[in-house]
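Observations on the model geometry
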Amino acid sequence: MRVLHTSDWHIGRRFKGLDLGEYQARALDWLIGLIERERVDVLCVSGDIYDLPRPSASSVQLFAPVFERLAGLKVNGHPLEVIMTPGNHDSADRLGFGAGAMVPNVHMRCRLEDIAAPVMVERDGDALAVYTVPYLDPDASRPILAGMVSAEFGAGKADGCDDDSDACPEGLPGLLWRDGAVVVPRSHEGVMTAAMTLITRDLAERRTRYPDLHAILMAHAFVSGATPSDSERVITVGGVDSVPAGVFTGCGFDYLALGHLHRPQHVTIPQPDGKHMNVFHFGRTPQARYSGSLLSYSFSEAPRSPQVGNGKQVTIVDFGGEEGEHEAGQGKPVIEIRAVQSEQPAMVSIAGTLDEVLAQADLHQKDWVSVTVQYDEYPQHLYERIDGKYPFALEKRAVCTRVRNTERAMADLTAVRDEMDVLNGFVEYTIGRTPDERETAILRQVVEQVRAERAEHTGAAQQYGADSDDGCDRGEVGRNTTGDLALFDDDAAGKE
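Residues numbered from 1 in each chain as written. Predicted model: local features only at pLDDT ≥ 70, side-chain atom pairs only at ≥ 80, totals over all residues. Heavy atoms only, no water.

Details of the sheet that holds strand β21 (residues 393-400)
Remark on secondary structure: sheet strands pair via backbone hydrogen bonds, oriented parallel or antiparallel. Put simply, the test is: Paired strands, in this sense, are two strands between which DSSP finds at least two bridges. Here a helix means four or more residues in a row that DSSP labels H or I, a strand means two or more in a row labelled E, and each is numbered from the N terminus. Only the contacting stretch of a helix is used when fitting its axis, a line to C-alpha atoms as for every element, and angles between N-to-C directions run 0 to 180 degrees.
Reading across from one edge, β19-β20-β21 is the order of the 3 strands in this open sheet, with parallel pairing throughout. With partners counted over all chains shown, the strands left at the sheet margins are β19 (347-352) and β21, one partner each. Across the sheet, the mean angle separating the axes of adjacent strands is 10 degrees when strand polarity is ignored. Inspection of the sheet shows β19 paired to strand β20 (residues 368-375) by 6 bridges, in the parallel sense. Residue methionine 347 lies in a different strand from β20, and its bridge partner there is tryptophan 368.

Written out as structure tokens, the structure is:
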């Protein structure tokens, strides 16, 4: 049996103002072709199908024909089993609308209450159980999970548990037991532990009847030890954003099909070797992997060597090895990766002086570029010069590399004579020199403009009877009654 694991499609997402629909459509069309070529039996999409809880009409129009093609696809004489679960970007209610009316091979697993009821797939004598965990928001899911665990284990004060007994029911992790009741901690670890408690209990029971049963867990979460990128939404709760990898130690699964992080990567789940306080003891620790997003959604995801498609991948999990390799369900599935063919332009980050950056422009005329210019003195017409050389400079930054003199202080406002003293001091403090003639002329022009605007405002105030006494000497910079530096028009003051 072959499973294709993907996630984080983010249909409808834009990048630096660019519409990515064209590249998402190409990637999804390629994905359908891959399923046919590789004879895939099961498609697992681990969350973030859409980029927004309320997707735009164009996003739905892009997804709808893809969804219909997947639902109607037949491989090896059987309909493709399509299993999807929501991520933190999706709306579970909207994504799961009409799930009960869909064709039998399409499974939109969006209800938290269904996490311990797997999708069962049978092919040529092999059986696979696919359990699905949608994104678990700790605040929203805690009460539901606490009720489900209490009902499953017959525990909790509401169920008549002896308040004087602190004995944790057999099979219930101590993390979920407090003062004679089931309590799910307000953390990603707490809610995932509660979910896994229900799931592993069901899997263990099924394996007593079918020891050769293979099992996959789909989960949308940040598992510790993995590497995030700049494009994932922060899911921190209580100062912690991840689920410890040890929560999955000994959980009995063959493979964790993870979603949420956009970099394709393997995640190490610790073995039960006495050094880790594993929660579950079902004799099998899974392989785990983030398939990553179909497209790059930040420059931090780009590979070191620029390439079209930006190194994005999907994962194929093959349970059909040589005879005996998976005896009694103990053999590890074979993991393979395939490069996504989206034609998304290569993403490149370039840093250096303006001359160094501009010298590389000919090499990146078709690439999406992030430019960081390092300067000692700010270059004139910086952004115009970058745009003139790079057709797709989507990020532009300027970074001053001069070491600032920490002994130099800003202008002393009690000692300055006029506004120009303040501005000259600020320029010297900021760039290490006084303004040149051209810059001084610009500053004087701005000062005169502000003076004129203030004189106009003061005249209007006097017209309506406002008090014109601001408590400062005329013809110089002073402080008004609030202690703020005031700008004065000498000519207006003389006329008064």
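Focus: the packing of aromatic side chains
Selection rule: Under the pairing criterion, centres of Phe, Tyr and Trp rings, with the six-membered ring standing for Trp, must be within 6.5 Å; the plane angle then separates stacked pairs below 30 degrees from edge-to-face pairs above 60, leaving the rest tilted. Throughout, exposure labels follow a simple rule: accessible area from a 1.4 Å probe, protein chains only, divided by the maximum for the residue type, with under 20% read as buried, over 50% as exposed, and the rest as partly exposed.
Evaluated as defined, the whole model comprises 8 aromatic pairs. On the basis of an interplanar angle of 55 degrees and a centroid distance of 5.5 Å, the ring pair of phenylalanine 15 and phenylalanine 299 is categorised as tilted. With a gap of 284 residues between them, phenylalanine 15 in strand β2 (residues 14-15) and phenylalanine 299 in the loop between β16 (287-290) and β17 (313-318) connect regions that are remote in the sequence. Neither phenylalanine 15 nor phenylalanine 299 differs from the other in exposure class; each is buried. Considering the side-chain rings of tyrosine 50 and phenylalanine 63, the 5.5 Å spacing of their centres and the 75 degrees angle between planes classify their relative orientation as edge-to-face.

With respect to the sheet that holds β17
Cut-off, in case you're wondering: Should any heavy atoms of two residues lie within 4.5 Å, those residues are considered in contact.
Pairing within the open sheet is mixed, and its 6 strands lie in the order β8-β7-β4-β1-β17-β18. Two strands lie at the open edges of the sheet, namely β8 (106-108) and β18 (334-339), each paired on one side alone. Strand-to-strand, the axes of this sheet are offset by a mean angle of 20 degrees, without reference to chain direction. Pairing geometry for β17 and β18, over 6 bridges, is antiparallel. Within β18, the position partnered with threonine 315 by the bridge is isoleucine 337. Against the sheet, helix α1 (residues 21-38) makes contact with β1 (2-6), β4 (42-46), β17 and β18, and its axis sits at roughly 165 degrees relative to β1, the strand it touches most.

Regarding unusual backbone geometry
With a phi close to 55 degrees, arginine 39 is a non-glycine residue in the positive phi region. On the secondary structure map, arginine 39 appears in the loop between α1 and β4.

Here's the deal with the pairing of β17
Across the 6 residues of β17, 6 count as buried, placing the element largely inside the fold. Where burial is concerned, the two faces of β17 agree: the one with Gln313, Thr315 and Val317 and the one with Val314, Ile316 and Asp318 are both buried.

Focus: the pattern of salt bridges
Put simply, the rule is: The salt bridge criterion pairs a side-chain nitrogen of Lys or Arg with a carboxyl oxygen of Asp or Glu, the two atoms within 4 Å.
Enumeration over the complete set of coordinates arrives at 26 salt bridges. For arginine 338, the salt bridge goes to glutamate 336, with nearest N and O atoms at 2.8 Å. By relative accessible area, arginine 338 is classed as partly exposed at 23%. Relative accessible area serves as the criterion here: at 25%, glutamate 336 is assigned to the partly exposed category. Within the structure, one salt-bridge network assembled from shared partners comprises Arg2, Glu38, Asp318, Glu336 and Arg338.

A short note on helix α4 (residues 138-153)
In plain terms, the rule: A helix is expected to reach a length of 1.5 Å times the quantity of its residues less one.
For α4, built from 16 residues, the straight-helix expectation of 22 Å at 1.5 Å per residue is met to within 8% by its first-to-last C-alpha distance of 21 Å. Looking at α4, one finds that the buried residues are Pro138, Ser141, Leu145, Ala146, Met148, Val149, Ser150 and Phe153. The inward-facing, buried residues of α4 abut β12 (181-182) and α5 (188-209). A positive backbone phi angle near 65 degrees is found at glycine 154, which sits one or two residues after α4.

Describing the packing of α1 against helix α2 (residues 57-71)
Between two packed helices, what matters for the description is the angle formed by their axes and the separation of those axes. Keep this limit in mind: Should an angle fall under 35 degrees it is taken as roughly parallel, and over 145 as roughly antiparallel, whereas 65 to 115 is taken as roughly perpendicular and any remaining angle as oblique.
Look at α1 against α2: their axes get within 11 Å of each other, and the N-to-C directions meet at 0 degrees. For the element pair α1 / α2, the angle class is roughly parallel. Every residue of α2 that contacts α1 at Gly21, Gln24, Ala25, Leu28, Asp29, Ile32 and Ile35 is listed here: Leu62, Val66, Arg69 and Leu70.

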